[in-house]
There are 2 protein chains.
Amino acid sequence: MSFLDEVPWNGDGLIAAVAQDAKSGRVLTVAWMNREALKETSERGEAVYWSRSRRKLWRKGEESGHVQKVREVRLDCDADAILLKVEQVGGIACHTGRESCFFRKLEDGRWVTTDPVLKDPSLIYTK
Amino acid sequence: MSFLDEVPWNGDGLIAAVAQDAKSGRVLTVAWMNREALKETSERGEAVYWSRSRRKLWRKGEESGHVQKVREVRLDCDADAILLKVEQVGGIACHTGRESCFFRKLEDGRWVTTDPVLKDPSLIYTK
């Protein structure tokens, strides 16, 4: 039996995937994987997700160059979430040009942006 | 407008929530929140989730005592995931008695349990 068979894919055939920077411990992104994405992630050693909006495999970094090199793949107790520990190429995980997608913090009942843009997205996505 | 209105709750009225230990950086759990759970989390300063299996609010630690004291609440770029930085009371987040729910690691195509049980679950859930 493959490790892929132990994942109880949800009704859409997906599992939530958290990417964490292996060195800093910062949580970078939450995305989704289908069976093919998890298989390819394990084979390539680079994060591959399923884009729900584009309905296709999303090889993280394919446009931005901000590849996530996978150091560890973990599964949670009820097997409904994956944790990737990654080396984030370029130090930027977010399409907004920030290190992490979690750049907003709840302060006094408001979402406040706390993180700087490290690189202008127009310089990241030049296609 | 409330910060709750800025969350595009999914078709089931939920958002994914990642809990991370504020000190060690370890990712502890991935769970789900509905509007009421996020509201109560922000008001109580303790993690409250929505249990999809039991279909009710799940005040983390209500049975186990393993409350998650919330130090930070973050929202990701497309607002479909919440990150909680927490102080994990008892040092145990998982119902199996382990620190983290992510106690299995992919090694050579198999999920291998890497983390010890810190406390026998029968001693945690005594009701």
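In this convention, every chain numbers its residues from 1, walking through the sequence in written order. Each chain takes a letter, starting from A, and each ligand takes a number, starting from 1, following the order in which they are written. Per-residue local features are limited, in this predicted model, to residues with pLDDT of at least 70; the limit for side-chain atom pairs, both in listing and counting, is 80 or more; totals at the level of whole chains, interfaces and linings are taken over all residues. Based on all heavy atoms of the structure, the side-chain values leave hydrogens and waters out of the count.

Draft legend 1. Layout of the overall build of chain A. Within chain A, the secondary structure is distributed over 2 helices and 8 strands. Along chain A, helices and strands appear, N-terminal first, in the series β-β-α-β-β-β-β-β-β-α. The globule rule used here is 2.2 Å times the number of residues to the 0.38 power, and the radius of gyration it is set against is calculated over C-alpha atoms. On C-alpha atoms alone, chain A measures out to a radius of gyration of 15 Å, which is about the 14 Å that the 2.2 N^0.38 rule sets for 127 residues. Based on the C-alpha atoms only, the size of chain A along its principal axes is roughly 45 × 40 × 30 Å. Helix numbers and strand numbers start at the N terminus; a helix is a DSSP run of H or I with at least 4 residues, a strand a run of E with at least 2.

Draft legend 2. The interface of chain A and chain B, seen in detail. Any pair of residues with heavy atoms lying within 4.5 Å of one another is described as a contacting pair. Taken together, the contact pairs 37 residues of chain A with 37 residues of chain B. When two parts are brought into contact, each loses some accessible area as probed by a 1.4 Å sphere; the total of that loss over both is the buried area. For the pair chain A and chain B, the two sides together bury roughly 3,300 Å², of which 63% comes from carbon and sulfur. By convention in these notes, a salt bridge is any Lys or Arg side-chain nitrogen within 4 Å of a carboxyl oxygen on Asp or Glu. For the pair chain A and chain B, the number of links is 4 salt bridges. Residue Asp115 of chain B pairs with Arg74 of chain A through a salt bridge whose shortest N-O separation is 3.8 Å. Whenever two N or O atoms come within 3.5 Å, that pair is a polar contact, provided that in protein one can donate a hydrogen and the other can accept it, and provided that, for residues adjacent in sequence, both atoms are side-chain atoms. Joining chain A to chain B, the criterion identifies 20 residue pairs in polar contact (both at pLDDT 80 or more). Just so you know the grouping, Ala, Val, Leu, Ile, Met, Phe, Trp, Tyr, Cys and Pro go in nonpolar, Asp, Glu, Lys and Arg go in charged, and all remaining residues, Gly too, go in polar. Grouping the constituent residues of the side of chain A that touches chain B by class yields 20 nonpolar, 7 polar and 10 charged.

Draft legend 3. Main features of the sheet that holds strand E5 (residues 68-75) of chain B. Two strands qualify as a pair provided that DSSP identifies no fewer than 2 bridges between them. Spatially, E8(A)-E7(A)-E5(B)-E6(B)-E1(B)-E2(B) is the arrangement adopted by the 6 strands of the open sheet, whose pairing is mixed. With one partner strand each, in any of the chains shown, strand E8 (110-113) of chain A together with strand E2 (27-34) of chain B form the two edges of the open sheet. Neighbouring strand axes in the sheet, compared pairwise and without regard to direction, differ in orientation by 35 degrees on average. Pairing analysis gives 2 bridges linking strand E7 (residues 104-107) of chain A to E5 of chain B, with the strands arranged antiparallel. Following the sheet pairing, Arg104 of chain A is matched in E5 of chain B by Leu75 of chain B. Convention adopted: a line fitted to C-alpha atoms gives each axis, helices being fitted over their contacting stretch, and angles between N-to-C directions are expressed from 0 to 180 degrees. Where helix H1 (residues 35-44) of chain B meets the sheet, it contacts E7 and E8 of chain A together with E2, E5 and strand E6 (81-88) of chain B, and its direction lies at approximately 120 degrees from that of E2 of chain B.

Draft legend 4. Just the relation of the copies chain A and chain B, in detail. When chain A is fitted onto chain B, the two copies agree to an RMSD of 0.0 Å after a turn of 180 degrees and an axial shift of 0.0 Å. With respect to symmetry, the two chain copies, as superposed, fit the operation of a two-fold axis. Rotation axis and chain A: the residue whose C-alpha lies nearest the axis is Gly25 of chain A, separated from it by 2.7 Å. When the copies are overlaid, the least-squares fit takes in C-alpha atoms only where the residue has pLDDT of at least 70 in both copies.

Draft legend 5. How the structure looks around helix H1 (residues 35-44) of chain A. Those residues of H1 of chain A that fall on the buried side of the exposure criterion are Ala37, Leu38, Glu40 and Thr41 of chain A. Each buried residue of H1 of chain A lies within a common arc of 165 degrees when the element is viewed along its axis, so the set occupies one face. Contact partners of the buried residues in H1 of chain A: strand E2 (27-34), strand E3 (48-51), strand E4 (56-59), strand E5 (68-75) and strand E6 (81-88) of chain A together with strand E8 (110-113) of chain B. Remark: Gly45 of chain A follows H1 of chain A within two positions and exhibits a positive phi of approximately 75 degrees. Relative accessibility thresholds used throughout: buried, under 20% of the residue-type maximum; exposed, over 50%; partly exposed, between the two (1.4 Å probe, protein chains only). What the arc measures is the spread of directions leading from the helix axis to the C-beta atoms.

Draft legend 6. Broad picture of the packing of aromatic side chains. Ring pairs are drawn from Phe, Tyr and Trp, using the six-membered ring of Trp, whenever the two centres fall within 6.5 Å, and their geometry is named by plane angle: stacked under 30 degrees, edge-to-face over 60, tilted for the rest. Under the definition given, this model contains 5 aromatic pairs over all chains. For the ring pair Trp32 of chain A and Trp32 of chain B, a centre distance of 6.1 Å and an interplane angle of 35 degrees mean the geometry is tilted. Pair noted here: Trp32 of chain A is in strand E2 and Trp32 of chain B is in strand E2, and the two residues belong to different chains. Residue Trp32 of chain A is classed as buried on the basis of its relative accessible area of 12%. Centroid distance Tyr49 of chain B to Trp58 of chain B: 5.3 Å. Interplanar angle 45 degrees. Geometry classified as tilted. Should the NZ of a Lys or the CZ of an Arg lie within 6 Å of a ring centre and within 35 degrees of the ring normal, that charge is described as sitting over the ring. Taking the ring centre of Phe103 of chain A as reference, the NZ or CZ of Arg98 of chain A above it sits at 4.0 Å.

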